[in-house]
Amino acid sequence: MIREMEKRKREKQEGEYGRDSTRSSPAYLEEDYQRVVAGEVPSRFLPGSSVEVIREVRPKRAIRHVLFDFDGTLSLIREGWPEVMVGMMVEKIVATGTREPVEAVHRHCHEFVMRLNGKQTIYQMIQLAEEIKARGGEPADPLDYKAEYHARLMEKTRDRRESLRSGRAKPEDYLVAGAIDILAAIRQRELEMYLASGTDQKYVFEEAELLGLVHFFGRRIYGAIDDYRKYSKKLVIMRILEENRVDGSVLLGFGDGYVEIGNVKQAGGVAVAVASDEAGRSGRPDPWKRDRLIGVGADLVIPDFRDWEPLLSYLLGEGGEAEDAL
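The shown structure was predicted, so the numbers you read here are calculated from the model rather than taken from an experiment.

A. Structural context of the pairing of strand 6 (residues 251–255). Counting buried residues in strand 6 gives five out of five residues, a clear majority hidden from the surface. Because side chains alternate across strand 6, one face comprises the buried residues L251, G253 and G255, and the other comprises L252 and F254, equally buried. Inspection of the sheet shows strand 3 (residues 65–68) paired to strand 6 by four bridges, in the parallel sense. Residue pairing for strand 6: V66 is matched across the bridge by L252. Strand direction decides the pairing type here: strand 6 and strand 7 (residues 270–274), joined by four bridges, are parallel.

B. Region of interest: the layout of surface pockets. Taken as a whole, the second largest pocket encloses approximately 640 Å³ of empty space. Along the walls of the second largest pocket sit 35 residues, with W81, P82, N117, D256 and E278 positioned nearest its centre. Listed by contribution, the elements that provide at least two residues to the lining of the second largest pocket are helix 2 (81–94), helix 3 (102–115), helix 4 (121–134), strand 4 (192–200) and helix 12 (287–295). Broken down by element, the residue count for the lining of the second largest pocket peaks at four residues, all from helix 2. Broken down by class, the residue content of the lining of the second largest pocket amounts to nine nonpolar, 13 polar and 13 charged.

C. Representation of the environment of G178. Mapped onto the elements, G178 comes out in the loop between helix 6 (158–166) and helix 7 (179–188). Linking G178 and L74, residues 104 residues apart in sequence, is a C-alpha distance of 9.1 Å. Sequence-distant contacts of G178, defined by excluding residues within four places in its chain, comprise F305 and R306.

D. Structural detail: the packing of aromatic side chains. Scanning the model with the defined rule gives six aromatic pairs in all. Centre to centre, the rings of F68 and F217 are 6.2 Å apart; their planes meet at 75°, and the pair counts as edge-to-face. You can see F68 sitting in strand 3 and its partner F217 sitting in helix 9 (residues 214–217), a full 149 residues away along the chain. For the residue pair F68 and F217, the accessibility class agrees, reading buried in each case. For the pair F68 and F254, a centre-to-centre distance of 4.8 Å together with 10° between the ring planes defines the contact as stacked. Of this pair, F68 sits in strand 3 while F254 sits in strand 6, and the two are 186 residues apart along the sequence. Looking at F68, the relative accessible area reads 0%, which means it is buried. A network of ring pairs unites the aromatic residues F68, F217, F254 and F305 as a single cluster. Geometry around Y123 places K119 over its ring, the cationic atom sitting 4.7 Å from the centre. A cation over an aromatic ring shows up here: R220 above the ring of Y194, its NZ or CZ 5.6 Å from the ring centre.

Rules used throughout
- Residues numbered from 1 in each chain as written.
- Predicted model: local features only at pLDDT ≥ 70, side-chain atom pairs only at ≥ 80, totals over all residues.
- Heavy atoms only, no water.
- Buried < 20%, exposed > 50% of the residue type's maximum accessible area, 1.4 Å probe, protein only.
- Helix = DSSP H or I, 4+ residues; strand = E, 2+ residues; numbered from the N terminus.
- Pairing = 2+ DSSP bridges.
- 1 Å grid on protein atoms, 1.4 Å probe; cavity = no way out; pocket = protein on both sides within 12 Å on 5 of 7 lines; lining within 4 Å.
- Points joined across faces, edges and corners; volume = space filled by probe spheres on them.
- Nonpolar A, V, L, I, M, F, W, Y, C, P; charged D, E, K, R; others polar.
- Contact = heavy atoms within 4.5 Å.
- Phe/Tyr/Trp six-rings, centres within 6.5 Å; stacked < 30°, edge-to-face > 60°.
- Lys NZ or Arg CZ within 6 Å of the ring centre and 35° of its normal.

Now the structure itself:
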């Protein structure tokens with residue numbers, strides 16, 4: 001059944017967008033993951049650091065604008081979200097009366113949730129509605145599924161948010177290591193910073209406030225809205241470049257999702273993959289994230305921001321050489 005559903009989905013997409021892969025997509029459309037770099041690539045590390053250089057960075061112009069993703073790149077408040085989303089989806093699909101084993105449904109849901117990870121949440125909920133319909137069920141509006149998912153996630157993260165609000169926890173407890181340091185260093189260099197997330201705007205702002213990040217970005221905090229056709233990270237990037245009358249060569253982006261890494265590269269900017277180990281906080285890159293983000297063209301890979309000094313020195317042309325990886 002799963003293979004048949006995937007085939008029908010591909011046929012539907014071909015019918016809507018045509019078979020010509022060169023046809024341009026609307027700016028709001030967040031495209032599926034497409035690998036542009038095949039296989040393992042040679043890399044180097046900045047001396048004495050965890051900064052992995054996949055592709056040498058030599059900007060034609062000085063970097064002036066810096067874009068950050070939020071969840072998994074800076075914030076760890078939502079660590080564990082896949083279990084919440086997949087659990088809800090399994091419940092909804094099993095309720096259709098499907099004869100598939102629950103374990104098979106769980107594997108399938110986990111696969112497409114992670115495959116779509118990086119897009120706005122609504123895309124995963126659209127996929128859930130398609131899965132239910134394919135099994136003979138009557139799906140709800142994807143926005144209703146998104147609201148239910150957020151309610152469940154808010155319950156899971158309530159203690160984290162309350163501990164931050166009350167002062168029982170420090171922002172550093174729920175930030176990727178070194179996040180405050182690199183943000184402060186970028187601000188000191190008088191570069192403009194932007195926060196763009198696939199999470200809903202109201203949650204992004206609330207959680208950025210709890211983590212003490214709002215003053216770094218000011219009003220340049222962007223998140224998803226109910227009408228997903230009016231928001232995407234690509235649109236945010238286009239707005240940055242158009243409003244400042246610059247091209248993508250002055251843009252630097254940090255993210256742990258393929259969408260922002262791909263968007264930054266398509267715009268002509270420099271993309272740093274933050275392959276964060278969200279659960280273990282080991283200081284080592286998550287292998288799945290690393291491979292996935294190199295696949296869409298990331299120039300550098302870091303596990304977190306602990307080595308922000310050599311990283312910024314290299315990116316901004318302030319000195320530093322790279323050494324061969326072991």
